[in-house]
Amino acid sequence: LLARYPKGVPARQTRDELVLNVDLAPTILEVAGLAPPDDFEGHSAMALARGEEAPDWRQSFLYEYFTSGWGVPSLECVRTADGWKYVRFADWEQMYNLNADPIEVNNLAQATDHAERKNELMAELKQLGAGVRQLEGPSEYKRKTGQHQPH
């Protein structure tokens, strides 16, 4: 996310927190001096933009994709602030350490030396609300190998 607001945001600041699209409306409302509705899922990122600490900021988020066609498989994914990503399909899974593998070449989902981390990510995925819907079956477009060429 790139932001420019000379009145309230220090220039050339970089942050590592996970800011999502659902945070944009609450952030804009705060800048306008308005409170977001109680049912908004996101949070204002203005404290982050001002360079303040935000100890209660999200440490992970859930990504879901459910489809009824188009050749793209349904999936559930968790992405963590410490750089991990776990994706669950109906019959396949992926796991990446994005700090070490930012272009997702080495799928660690079946790596025994990462089994504990995988269990943690699966638990986080469930805690975020995944596992409620049935994932659709395989897609001809998925990559089943442990390594692949990035898009």
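Whatever comes next refers back to the structure up there.
Bear in mind that the values here come from a model prediction, so they are computed numbers and not experimental data. (Residues numbered from 1 in each chain as written. Predicted model: local features only at pLDDT ≥ 70, side-chain atom pairs only at ≥ 80, totals over all residues. Heavy atoms only, no water.)

**Student:** An account of the nonpolar core is needed here, citing residue identities and associated values.
**Tutor:** In terms of nonpolar packing, the biggest core is built from 9 residues, these being V78, W84, Y86, M95, L108, A109, L121, L125 and A130. Within the residue set of this core, elements represented by two or more residues are β3 (84-88) and α3 (115-127). Residues contacting A130, with those up to four places away along its chain left out, are L62, E76 and L125. If you look at the next biggest cluster of nonpolar residues, it comprises 5 residues, including C77, V87, F89 and W92. (Core = buried A, V, L, I, M, F, W, Y, C linked by side-chain atoms within 4.5 Å. Buried < 20%, exposed > 50% of the residue type's maximum accessible area, 1.4 Å probe, protein only. Helix = DSSP H or I, 4+ residues; strand = E, 2+ residues; numbered from the N terminus. Contact = heavy atoms within 4.5 Å.)

**Student:** Kindly report on a nonpolar patch on the surface, identifying the contributing residues and their values.
**Tutor:** A cluster of nonpolar side chains, contributed by L1, L24 and I28, occupies part of the molecular surface with about 340 Å² of accessible area. Looking at where L1 falls in the secondary structure, it is placed in the segment before α1 (24-31). Since its relative accessible area comes to 73%, L1 is described here as exposed. (Patch = residues over 30% accessible without salt bridge, like charges linked within 9 Å, V, L, I, M, F, W, Y side chains within 5 Å. Areas by Shrake-Rupley, 256 points an atom, 1.4 Å probe, with all protein chains shown as cover. Salt bridge = Lys/Arg side-chain N within 4 Å of Asp/Glu carboxyl O.)

**Student:** Summarise the pattern of salt bridges; cite the residues concerned and give the values.
**Tutor:** Counted according to the given criterion, the structure contains 9 salt bridges. For E104, the salt bridge goes to K85, with nearest N and O atoms at 2.9 Å. Within this pair, whereas E104 is found in the loop between β4 (93-97) and α3, its partner K85 is found in strand β3, the two being separated by 19 residues in sequence. Through salt bridges with shared partners, a single network forms among E30, R50 and E52.

**Student:** An account of α3 is requested, with residue identities and associated values reported.
**Tutor:** Its 13 residues place the ends of α3 18 Å apart at the C-alpha level, agreeing with the 18 Å of an ideal helix rising 1.5 Å per residue. Of all the residues in α3, the buried ones are R117, K118, L121 and L125. One face of α3 carries all of its buried residues, which in axial projection span an arc of 100 degrees. The exposed residues of α3 that point more than 90 degrees off its buried face are E116, N119, K126 and Q127. The positive-phi residue at the C-terminal boundary of α3 is G129, with phi of around 115 degrees. (Expected span 1.5 Å × (residues − 1). Arc of directions from axis to C-beta.)

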